[in-house]
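Tertiary structure, described
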Amino acid sequence: MEIKKPENIDEYIGGFPNEVQEILEKIRITIQKAAPDAKEKISYSMPAFEQNGIVVYFAAFKNHIGLYALPSGHETFKEELSKYKSGKGSVQFPLKEKMPYDLITKIVNSE
């Protein structure tokens, strides 16, 4: 059975349980406010915002939300991100913890 890839962010968010949908929608709104000229799209089957290239991707997983920005944004916020699992250009925000929407705004604004 082939899993249908979402065609837009509404479809992507709609595929998750209600409590995760609420978090994803808040992240979407947070990014929209931080980058009002960025356009929404699905890229690599993930929600993305594009403005002269990709600004940020985000995605939901079983236990966390992944945020994928350029590595420069992560370097700038190294101290604030230190409590989260992260890799080059990615950070994982556990679903069991309060989402750091202010930090997401800062990261998007730095890109």
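Residues numbered from 1 in each chain as written. Predicted model: local features only at pLDDT ≥ 70, side-chain atom pairs only at ≥ 80, totals over all residues. Heavy atoms only, no water.

Quick word on the nonpolar core
Within the largest apolar cluster, 34 residues are counted, with the highest numbers of intra-cluster contacts made by Ile 27 and Phe 93. Elements represented by at least two residues in this core include exactly α1 (9–14), α2 (18–34), β2 (46–50), β3 (54–60), β4 (64–69), β6 (90–94) and α5 (101–110). (Core = buried A, V, L, I, M, F, W, Y, C linked by side-chain atoms within 4.5 Å. Buried < 20%, exposed > 50% of the residue type's maximum accessible area, 1.4 Å probe, protein only. Helix = DSSP H or I, 4+ residues; strand = E, 2+ residues; numbered from the N terminus.)

Considering unusual backbone geometry
Here Tyr 44, not a glycine, exhibits a phi torsion of approximately 55 degrees, which is positive. Take Tyr 44: it is sitting in the loop between β1 (39–43) and β2. You can call Tyr 44 exposed: its relative accessible area is 71%. Even without being glycine, Asn 52 reaches a positive phi, approximately 55 degrees. In this structure, Asn 52 sits in the loop between β2 and β3.

Points about the packing of aromatic side chains
Aromatic ring pairs: the centre-centre distance and the angle between the two ring planes describe each pair. In this structure the tally under the stated criterion is 3 aromatic pairs. Between Tyr 84 and Phe 93, the aromatic rings sit 4.8 Å apart at their centres with planes inclined by 85 degrees, giving edge-to-face as the arrangement. Assessed through its relative accessible area of 1%, Phe 93 is described here as buried. (Phe/Tyr/Trp six-rings, centres within 6.5 Å; stacked < 30°, edge-to-face > 60°.)

Observations regarding the confidence of the model for the protein chain
Across the protein chain, pLDDT averages 90, with 91% of residues at or above 70. Mean pLDDT across the secondary structure elements of the protein chain bottoms out at helix α3 (residues 71–76), with 65, and peaks at α2, with 97. (pLDDT = per-residue confidence, 0-100.)

A few points about the sheet that holds β1
Either a parallel or an antiparallel arrangement is found when strands of a sheet pair, and the pairing is made through backbone hydrogen bonds. Taken in spatial order, the 6 strands make up an open sheet running β1-β2-β3-β4-β6-β5, and their pairing is antiparallel. With one partner strand each, in any of the chains shown, β1 and β5 (85–87) form the two edges of the open sheet. If you compare each strand with its neighbour and ignore which way they point, the axes differ by 20 degrees on average. Pairing of β3 with β4 involves 5 bridges; the strand directions are antiparallel. For Val 56, the partnering residue across the bridge sits in β4 and is Ala 69. Sheet strands in contact with α2 are β1, β2, β3 and β4, and its direction is about 170 degrees off that of β3. (Pairing = 2+ DSSP bridges. Axes fitted to C-alpha atoms, helices over the stretch in contact; angles between N-to-C directions. Contact = heavy atoms within 4.5 Å.)

Looking at the pattern of salt bridges
Across all of its chains, the model carries 5 salt bridges by this definition. Taking the shortest distance from any N to any O, the salt bridge between Asp 10 and Arg 28 comes out at 2.6 Å. Of the two residues, Asp 10 is situated in helix α1 and Arg 28 in helix α2; the sequence distance between them amounts to 18 residues. Residue class for Arg 28 comes out buried when judged on its relative accessible area of 7%. The shortest N-O distance in the salt bridge between Lys 106 and Glu 80 comes to 3.0 Å. With Lys 106 in helix α5 and Glu 80 in helix α4 (residues 78–81), the pair connects residues that are 26 residues apart, well separated along the chain. (Salt bridge = Lys/Arg side-chain N within 4 Å of Asp/Glu carboxyl O.)

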